[in-house]
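Close look at the chain arrangement
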Amino acid sequence: MKKIRFGVFETNSSSSHSLCMCTKEEYKKFKKGEMFYNNDEEKLMTPDEKDKYIREQIVLRSMDVDWNNNTFTFNNKKYSYKDYKDRKNKQNELLTPEVLNAVTKEEIDNYLEDCYEIMTYEEFYESDELETYCEEYTTPGGESVVAFGRYGYDG
């Protein structure tokens, strides 16, 4: 294995897999376009969660990170951090409602042009050459759940 950045390892494997678990009701909403799949977090999200996620990503991507000096800049102010966890915590503290609401429609539209993280039901099942699966289960407690995802060679 080759270490490529703090806490992340890369192998020569080109296989890919994902698993998302949700209730049957959430999956029905996903099929109807009332929920969206977040490819980064491998979970379903509501339209409000989708909007917040997009705004957070736009703000986080605007932060200029200096990996060599453990600093990042946001709104012309420099912040120092000790490690990955410290950086993420400091960045997340800056994601206030005021900052998120300042993201413009134009920024959102630009982000969505190249967005691969958030998918509709159709995009999830038609997005690439990976195989997909979807299985329904009933738990011992009687709750109907759905497991779905993708797998295969992505290289």
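Residues numbered from 1 in each chain as written. Predicted model: local features only at pLDDT ≥ 70, side-chain atom pairs only at ≥ 80, totals over all residues. Heavy atoms only, no water.

So, about the nonpolar core. Core analysis: the biggest nonpolar cluster contains 21 residues, and Val 59, Met 63, Phe 72 and Ile 118 have the highest contact counts within it. For this core, the secondary structure elements donating two or more residues are helix 2 (47-62), strand 8 (71-74) and helix 5 (105-113). Ignoring any residue separated from it by four or fewer positions in sequence, one finds Ile 118 in contact with Phe 36, Tyr 37, Met 45, Lys 50, Tyr 53, Ile 54 and Glu 123. If you look at the next biggest cluster of nonpolar residues, it comprises 11 residues, including Cys 20, Leu 44, Val 146 and Phe 148. (Core = buried A, V, L, I, M, F, W, Y, C linked by side-chain atoms within 4.5 Å. Buried < 20%, exposed > 50% of the residue type's maximum accessible area, 1.4 Å probe, protein only. Helix = DSSP H or I, 4+ residues; strand = E, 2+ residues; numbered from the N terminus. Contact = heavy atoms within 4.5 Å.)

With that settled, the discussion passes to the sheet that holds strand 9 (residues 77-80). Spatially, three strands are ordered 7-8-9 in an open sheet, and the strand pairing comes out antiparallel. Whereas interior strands pair on both sides, the edge strands pair on one side only; in this sheet they are strand 7 (64-66) and strand 9. When the angles between neighbouring strand axes are averaged without regard to direction, this sheet yields 25°. With three bridges joining them, strand 7 and strand 8 adopt antiparallel strand pairing. Across the sheet, the residue bridging to Asp 64 is Thr 73, located in strand 8. Strands in contact with helix 3 (residues 84-93) are strand 7, strand 8 and strand 9; relative to strand 8, the strand with the most contacts, it is inclined by about 10°. (Pairing = 2+ DSSP bridges. Axes fitted to C-alpha atoms, helices over the stretch in contact; angles between N-to-C directions.)

Strand order in this open sheet of three strands is 6-5-10, and the pairing throughout is antiparallel. The sheet is open, and its two edges are formed by strand 6 (43-45) and strand 10 (118-119), each paired on a single side. With two bridges joining them, strand 5 (residues 36-38) and strand 10 adopt antiparallel strand pairing. Residue pairing across strands places Asn 38 opposite Ile 118, the latter belonging to strand 10.

Counted according to the given criterion, the structure contains nine salt bridges. Glu 25 is the salt-bridge partner of Lys 28, the closest N and O atoms lying 3.6 Å from each other. Note that Lys 28 and Glu 25 are positioned in helix 1 (residues 24-32) at a spacing of three residues, about one turn of the helix. The partly exposed category is assigned to Lys 28, whose relative accessible area is 39%. (Salt bridge = Lys/Arg side-chain N within 4 Å of Asp/Glu carboxyl O.)

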